Amino acid sequence: VEVKIEVVIPEKERSKEEMSPNGKASPLIYKVNGTARHYHLEEHPIASNPYHNPKDVVEASVCHVKDLENGQMREVDLGCGKALLIKESGEFHAVGHKCPHYGAPLVKGVLSKGRVRCPWHGACFNISTGDIEDFPGLDSLPRFQVKIEKEKVYIRASKQALQTQRRTKVMAKCISLSNYNLSSTNVLIIGAGAAGLVCAETLRQEGFSDRIVMCTMDRHLPYDRPKLSKSMDSHPEQIALRPKEFFCTYDIEVLTEMQVAAVDVKSKIAVFKDGFKMEYNKLLIATGNTPKTLSCKGKEMENVFNIRTPEDANRVVKLATSKNVVIVGASFLGMEVAAYLAERAHSVSLVELEHVPFKKFFGERVGRAVMKMFENNRVKFYMQTEVSELREQEGKLKEVVLKSGKVLRADVCVVGVGAVPATGFLKQSGINIDSKGFIVVNKMMQTNIPGVFAAGDAVTFPLALRNNKKVNVPHWQMAHMHGRIAALNMLAHGTEISTVPYLWTAMFGKSIRYAGHGEGFDDVVIQGDLDELKFVAFYTKSDEVVAVASMNYDPIVSKVAEVLAAGRTIRKRDVDLVTETPLVFLSFRTGDMSWLTGKGS
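Residues numbered from 1 in each chain as written. Predicted model: local features only at pLDDT ≥ 70, side-chain atom pairs only at ≥ 80, totals over all residues. Heavy atoms only, no water.

- Going by what an unreviewed UniProt entry lists, the protein is known as Apoptosis-inducing factor 3 and is assigned to Rhabdornis inornatus.
- According to the UniProt record, the Sequence similarities (unreviewed entry) comment for the protein is "Belongs to the FAD-dependent oxidoreductase family."
- Listed under Function (unreviewed entry) in UniProt, the entry text for the protein is "Induces apoptosis through a caspase dependent pathway. Reduces mitochondrial membrane potential." (UniProt positions renumbered as here; feature names shortened; annotations may be inferred.)

Next comes the structure, spelled out in structure tokens:
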């Protein structure tokens, strides 16, 4: 008896791939402004059959059918590359084994209810299709054919897919550019960060075939912004999220070094700083934030930096090498910059108003453990004080004077004292903005103005995890999801956001991972050893776990993220079960933790 499990193409993808007898694709139709748009095969990129070239195909026996139990994953070698073999609900699935984001081994991740979550940064992938379902990252996983013959499991795969370990979803192209003049677009995206790019890509993935224009104050195409403080000597082309050719292929226009000065929502017109005007049908505002500056004397002098661009980061590294660096603010950016420069600079001093770094975010005990790690790496802290003056010599920074009276030698100063939403240009627009400057949106990323959406660091939105409390979550993963939700609702899908916030920070080759939203936590339950920097911290509020952080304790944060994503509540008394029990969602029983038991990956 031969049982074959073939790759099943989802209906959405199949509609894009089905061919008519004459070799043309059936025309796809997308309605915009009441007008039907048609496009054919040559106008719409079709995902080619990964097995069209026999020389590119490899097939191998990878295990016996009884080698894997339900809920287990295994990394298997096909000779020219590896795949992730998964067994769930009696069925086998095979997908790429590396997360397309930063290459994490997914076999060390968390499997639950038809998807696998990356152990490093929390991206989620559907095990049947390979499609990305939560972020960060842009690409999906390749999926491979699985068949069973004589109790053995075989995988048939494209060699190229095994080597690349990533797959870009099928996307539409614009077919109506000739219908627009330069000052008119269907979708205008202000901001070219993660939210803006994911919005544009999602529109194309959903078959949207009208004009999309992104505009940015930056001189570069969208890039991996977290690397500005984690990998400071990276050049723009090294951290680009997509190559220039990608934007050309899928007709996503990017206007660089273009700043929007005002938005007229009644006329649906964006007015640029240089006077240029662009009419739009749908608008996404994803402008992010603007770094705060110091208010003391000397703040404008040379060699004082906010890290905002790759050029800023590169310049700081060059100037700091073998020199004295002062960093103001023990923020994520400030701490990551301090860690990166510690081995390169002659000295690194960090000035902070609080008495412990990260106290409000990670709590005092975790903050002290991180502080000790920094001190062991030659970073000197000056806590509970502020900068009163920056002194210069021959026009360049010479000293940083603290309010405590201490004077620090400084050749370079990096300021990381927080940021404010970049929404000043919207003050007279009629778009609802709160007292702190954040754009207020609903669960579908819609503002109070029809057709106007907002996403990313500049918004507050209802977080399902915290009973729909309006929150601001200025992190990379969340910006991705905001962009996707906005795009789907531009197309009237009615999709609500329900993701669990997930972030990470990297310092001295170690990472702290974090999931949830711990604002207002009243207790921290710590397991492991803080001194050894191997721990997990559960942040609780009124006996309920609202967030978790860990170092050297993978994949616990991804595990907790999956529990929270399923809408389950973890009580303080149950944290031992969470850390000690493998996670398999086989049966849920309301009101207890029995659903945490079972066999897992």
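## Details of the overall build of the protein
Thinking step 1. Looking only at helices and strands, the protein features 12 helices and 39 strands.
Thinking step 2. Across the 601 residues that make up the protein, the buried fraction comes to 54%.
Thinking step 3. Partitioning the intrachain contacts of the protein with sequence separation of at least 6 by distance along the chain shows that 60% fall at a separation of at least 24.
Thinking step 4. Surface summary for the protein: the accessible area is close to 26300 Å², and the carbon and sulfur share equals 46%. (Helix = DSSP H or I, 4+ residues; strand = E, 2+ residues; numbered from the N terminus. Buried < 20%, exposed > 50% of the residue type's maximum accessible area, 1.4 Å probe, protein only. Contact = heavy atoms within 4.5 Å. Areas by Shrake-Rupley, 256 points an atom, 1.4 Å probe, with all protein chains shown as cover.)

## Description of the pairing of strand S5 (residues 72-77)
Thinking step 1. Pairing analysis gives 6 bridges linking S5 to strand S6 (residues 82-88), with the strands arranged antiparallel. Of the residues in S6, the one forming a bridge with Gln72 is Lys87.
Thinking step 2. Connecting S5 to the next strand, S6, in antiparallel fashion are 4 residues, including Gly79 with a positive phi near 95°. (Pairing = 2+ DSSP bridges.)

## Some points on the confidence of the model for the protein
Thinking step 1. The share of residues in the protein with pLDDT of 70 or more is 87%, and the mean pLDDT across the chain is 88.
Thinking step 2. Counting contacts from residues 1-50, a segment whose pLDDT is below 50, to residues more than four positions away or on other chains yields 100 contacts.
Thinking step 3. Segment residues 584-601 is flagged for pLDDT under 50; beyond a separation of four residues in sequence, or across chains, it makes 43 contacts in the model. (pLDDT = per-residue confidence, 0-100.)

## Describing the pattern of salt bridges
Thinking step 1. Scanning all chains against the criterion turns up 23 salt bridges.
Thinking step 2. For Asp218, the salt bridge goes to Arg225, with nearest N and O atoms at 3.7 Å.
Thinking step 3. As a salt-bridge pair, Lys572 and Asp523 come within 2.9 Å of each other at their nearest N and O atoms. One end of the pair, Lys572, is in the loop between helix H11 (556-565) and helix H12 (575-580); the other, Asp523, is in strand S37 (residues 523-529), and 49 residues separate them in sequence.
Thinking step 4. Looking at Lys572, the relative accessible area reads 28%, which means it is partly exposed.
Thinking step 5. A relative accessible area of 32% places Asp523 in the partly exposed class.
Thinking step 6. Each of Glu59, Lys147, Glu149 and Arg156 takes part in a single network of salt bridges with overlapping partners. (Salt bridge = Lys/Arg side-chain N within 4 Å of Asp/Glu carboxyl O.)

## Digging into the sheet that holds strand S20 (residues 282-285)
Thinking step 1. Spatial strand order, S16-S15-S14-S20-S32: 5 strands in an open sheet with parallel pairing. Looking along the sheet, the strands with just one partner apiece sit at the ends: strand S16 (252-255) and strand S32 (452-454). Averaged over all pairs of adjacent strands, the angle between their axes in this sheet comes to 20°, without regard to strand direction.
Thinking step 2. As paired elements, strand S15 (residues 212-215) and S16 share 4 bridges and run parallel to each other. Across the sheet, residue Val213 finds its bridge partner in S16, namely Glu253.
Thinking step 3. In the packing of helix H3 (residues 194-205) onto the sheet, contacts are made with strand S14 (187-190), S15, S16 and S20, and the angle to S15 comes to roughly 175°.
Thinking step 4. In the packing of helix H10 (residues 476-490) onto the sheet, contacts are made with S14, S20 and S32, and the angle to S20 comes to roughly 170°. (Axes fitted to C-alpha atoms, helices over the stretch in contact; angles between N-to-C directions.)

## Focus on helix H9 (residues 364-375)
Thinking step 1. Between its terminal C-alpha atoms H9 stretches 16 Å, which fits the 16 Å expected from 12 residues at 1.5 Å a residue.
Thinking step 2. Along H9, the residues classified as buried are Val366, Gly367, Ala369, Val370, Met371, Met373 and Phe374. (Expected span 1.5 Å × (residues − 1).)

## Brief notes about the sheet that holds strand S24 (residues 347-352)
Thinking step 1. Strand order in the open sheet formed by 5 strands is S22-S29-S23-S24-S25, and the pairing between neighbours is parallel. Because the sheet does not close on itself, it has two edges, and the strands there are strand S22 (304-305) and strand S25 (379-383).
Thinking step 2. Each of strand S23 (324-328), S24, S25 and strand S29 (412-415) touches helix H7 (residues 332-341); the most contacted strand, S24, lies at about 165° to it.

## Observations regarding H10
Thinking step 1. For H10, spanning 15 residues, the distance from its first C-alpha to its last is 22 Å, which sits close to the expected 21 Å at 1.5 Å a residue.
Thinking step 2. Of all 15 residues in H10, 15 are buried, a share of seventy percent or more.
Thinking step 3. Of the residues flanking the end of H10, it is Ala492, one or two places downstream, whose phi is positive at about 65°.

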